[in-house]
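For reference, the chains in residue letters:
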Amino acid sequence: MISLRLLQQIIVFFLMMACGFAVVKRGLIDAKSSRTLSVICIYIIMPCVMINAFQIEYSRSIRNGFLLAIAAAVLIHIFLLVFTQIIGKPLKLSVVEKESIIYSNSGNLVIPLVTVVLGEEWVIYASGFLCVQTIIVWTHGQSLMQGQRQVNWKKIVQNINLIAILAGLVFFLCNIHLPKILDSMTSSLAGMIGPISMVMIGMLLAGVDWKLVFGKRRIYGIVFLKMIVVPGIITLCLKLAAPLIPMENAKTILLISLLAVIAPTAVTITQMAQLYKRDAAYASSINVFTTLVCIVTMPLMVMLYML
């Protein structure tokens, strides 16, 4: 059962986080050192994951599946943008709260989960969601955070993961395969994504002010919206849509999109909040809280989807 395998793997990931947490708490390393792992993960490991995902034989079914993943990601983000716009005024949502609800950690958590629970051959569909979110977060997300309608195209064009996805897509469509040595290198580095990401998150958690995380009443409502309400609506929509799509593996491809949506809040929101002085501590608290809650909510939503 996928929901059970997902729960087991999330527990494994939390044990990996505990390792990162422990080395910081033991004073062997400080929490700020997690930035080093973050750089390695973003600029070396993640691009290898993306390129490795596309190193498969071209087929129309995989191409159509990737297009389905892209379409699902676009529609999901449209819903999230409209939903937060509608509830924003009555609930008086701040910019940080809106973006914490919209954007998920579809890279560091979801791609390792898809790799382990479903297999490397499914990562290509997870990269479709990541591609769409990367573009939207550096257009809508950044403009909302900085309070002006200005798109940072440079950030989009220079995003290493987006470049890797596009390069991998070209390789796939042209049926180009890397030389054996390069393929072995990218495959080996790609296999590190889970442990490195989880240890990094654990190190970050060790530096968290837990009173700040649990001491703000409003955060409970935001986490409820992010991890229960929004995932519940999208789970129902994808569950109803899957049987209507005349495509092999449509249900599993939409499951991957669902995993990306029900993941914790994106770390990028905290980074942007720091850059544009938008209460980064609160953004970080939401990220931590949703990361802790996901051990229950993610398997629950997957179980509802698979019923």
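Residues numbered from 1 in each chain as written. Predicted model: local features only at pLDDT ≥ 70, side-chain atom pairs only at ≥ 80, totals over all residues. Heavy atoms only, no water.

Another aspect to go through is the overall build of the protein chain. Of regular secondary structure, the protein chain possesses 15 helices and zero strands. Over its C-alpha atoms the protein chain spans a radius of gyration of 19 Å, differing by no more than 12% from the 19 Å that the globule rule assigns to 307 residues. By principal-axis analysis of the C-alpha atoms, the protein chain measures approximately 50 × 45 × 45 Å. Counting every position in the protein chain, which comprises 307 residues, the buried fraction comes to 51%. In the protein chain, once contacts between residues fewer than 6 apart in sequence are set aside, the share between residues at least 24 apart is 85%. As displayed, the protein chain offers around 14,400 Å² of accessible surface, 67% of which is attributable to carbon and sulfur atoms. Separation of charge centres in the protein chain, based on 23 positive and 10 negative side chains, amounts to 11 Å. (Helix = DSSP H or I, 4+ residues; strand = E, 2+ residues; numbered from the N terminus. Rg over C-alpha atoms; globule rule 2.2 N^0.38 Å. Buried < 20%, exposed > 50% of the residue type's maximum accessible area, 1.4 Å probe, protein only. Contact = heavy atoms within 4.5 Å. Areas by Shrake-Rupley, 256 points an atom, 1.4 Å probe, with all protein chains shown as cover. Lys, Arg positive; Asp, Glu negative; His and termini not counted. Charge placed at Lys NZ, Arg CZ, Asp CG, Glu CD.)

An ideal rise of 1.5 Å per residue puts 34 Å on 24 residues; helix H6 (residues 123-146) measures up with 32 Å between its terminal C-alpha atoms. Remark: the principal bend of H6, roughly 35°, maps to Val137. Gly147 sits one or two positions beyond H6 and adopts a positive phi of about 75°. (Expected span 1.5 Å × (residues − 1). Bend = angle between axes of the 7 residues up to and from the residue.)

Moving on: the packing of helix H2 (residues 34-53) against helix H9 (residues 180-190). Contact geometry of H2 with H9 gives a least axis separation of 8 Å together with a crossing angle of 120°. Regarding the angle of H2 to H9, the classification is oblique. Considering how the two elements wind past one another, H2 and H9 form a crossing that is left-handed. Residues Ile44, Ile45, Cys48, Val49 and Asn52 of H2 lie in contact with H9, whose contacting residues are Asp183, Thr186, Ser187, Leu189 and Ala190. (Axes fitted to C-alpha atoms, helices over the stretch in contact; angles between N-to-C directions. Parallel < 35°, antiparallel > 145°, perpendicular 65-115°, else oblique. Left-handed = near helix turned anticlockwise from the far one by under 90°.)

This part is about the confidence of the model for the protein chain. On average, residues of the protein chain score 88 in pLDDT, and 98% of them are at 70 or above. Per-element averaging of pLDDT across the protein chain places helix H7 (residues 153-157) at the bottom with 72 and helix H12 (residues 218-241) at the top with 96. (pLDDT = per-residue confidence, 0-100.)

Once that is clear, we can look at the packing of aromatic side chains. Counted according to the given criterion, the structure contains eight aromatic pairs. Pairwise contacts between aromatic rings join Phe54, Tyr58, Phe66 and Phe172 into one cluster. Looking at Lys251, its charged tip hangs above the ring of Tyr305, at a distance of 5.9 Å from the centre. (Phe/Tyr/Trp six-rings, centres within 6.5 Å; stacked < 30°, edge-to-face > 60°. Lys NZ or Arg CZ within 6 Å of the ring centre and 35° of its normal.)

Among the surface-exposed residues, Met1, Leu4, Leu7, Ile11, Leu15, Leu300, Met303, Leu304 and Leu307 lie close enough to one another that they form a single nonpolar patch of about 830 Å² accessible area. If you list the elements that add at least two residues to the nonpolar patch, you get helix H1 (2-25) and helix H15 (280-306). Residue contributions to the nonpolar patch peak at four residues, all from H1. With respect to the helices and strands, Ile11 occurs in helix H1. According to the relative accessible area criterion, Ile11 is partly exposed, its value standing at 38%. (Patch = residues over 30% accessible without salt bridge, like charges linked within 9 Å, V, L, I, M, F, W, Y side chains within 5 Å. Salt bridge = Lys/Arg side-chain N within 4 Å of Asp/Glu carboxyl O.)

Two quantities define a packed helix pair, namely the angle between the helix axes and the distance between the axes. Contact pair helix H3 (residues 60-91) / helix H4 (residues 95-102): the axes reach a minimum separation of 10 Å and the direction vectors enclose 145°. Every pair of crossing elements has a handedness; the one defined by H3 and H4 is right-handed. Contact residues: Leu80, Leu81, Thr84, Gln85 and Gly88 in H3; Lys98, Ile101 and Ile102 in H4. Considering only residue class, the contact of H3 with H4 consists of four nonpolar, three polar and one charged. (Nonpolar A, V, L, I, M, F, W, Y, C, P; charged D, E, K, R; others polar.)

This part takes up H15. The terminal C-alpha atoms of H15 lie 36 Å apart, and with 27 residues this matches the ideal 39 Å at 1.5 Å per residue to within 8%. Approximately 55° is the largest bend angle found in H15, and it occurs at Cys294.

Taken as a whole, this structure holds two salt bridges when the rule is applied. Across the pair Lys216 and Asp279 runs a salt bridge whose closest N-O atoms are separated by 3.8 Å. With a gap of 63 residues between them, Lys216 in the loop between helix H11 (210-215) and H12 and Asp279 in the loop between helix H14 (267-275) and H15 connect regions that are remote in the sequence.

Along the chain, Phe224 falls in helix H12. For the pair Phe224 and Asp279, spaced 55 residues apart in the sequence, the C-alpha separation amounts to 20 Å.

Before going further, it helps to spend a moment on the side chain of Thr84. Here Thr84 is to be found in helix H3. Among the residues examined, Thr84 registers a relative accessible area of 4% and is labelled buried. Polar contacts involving the side chain of Thr84 include one to the main-chain carbonyl oxygen of Leu80, which spans 2.9 Å. From its side chain, Thr84 meets the backbone oxygen of Leu81 in a polar contact 3.1 Å long. Not counting residues within four places of it along the chain, the set of residues in contact with Thr84 comprises Leu93, Lys98, Ile101 and Ile102. (Polar contact = N/O pair within 3.5 Å; in protein donor to acceptor, adjacent residues only side chain to side chain.)

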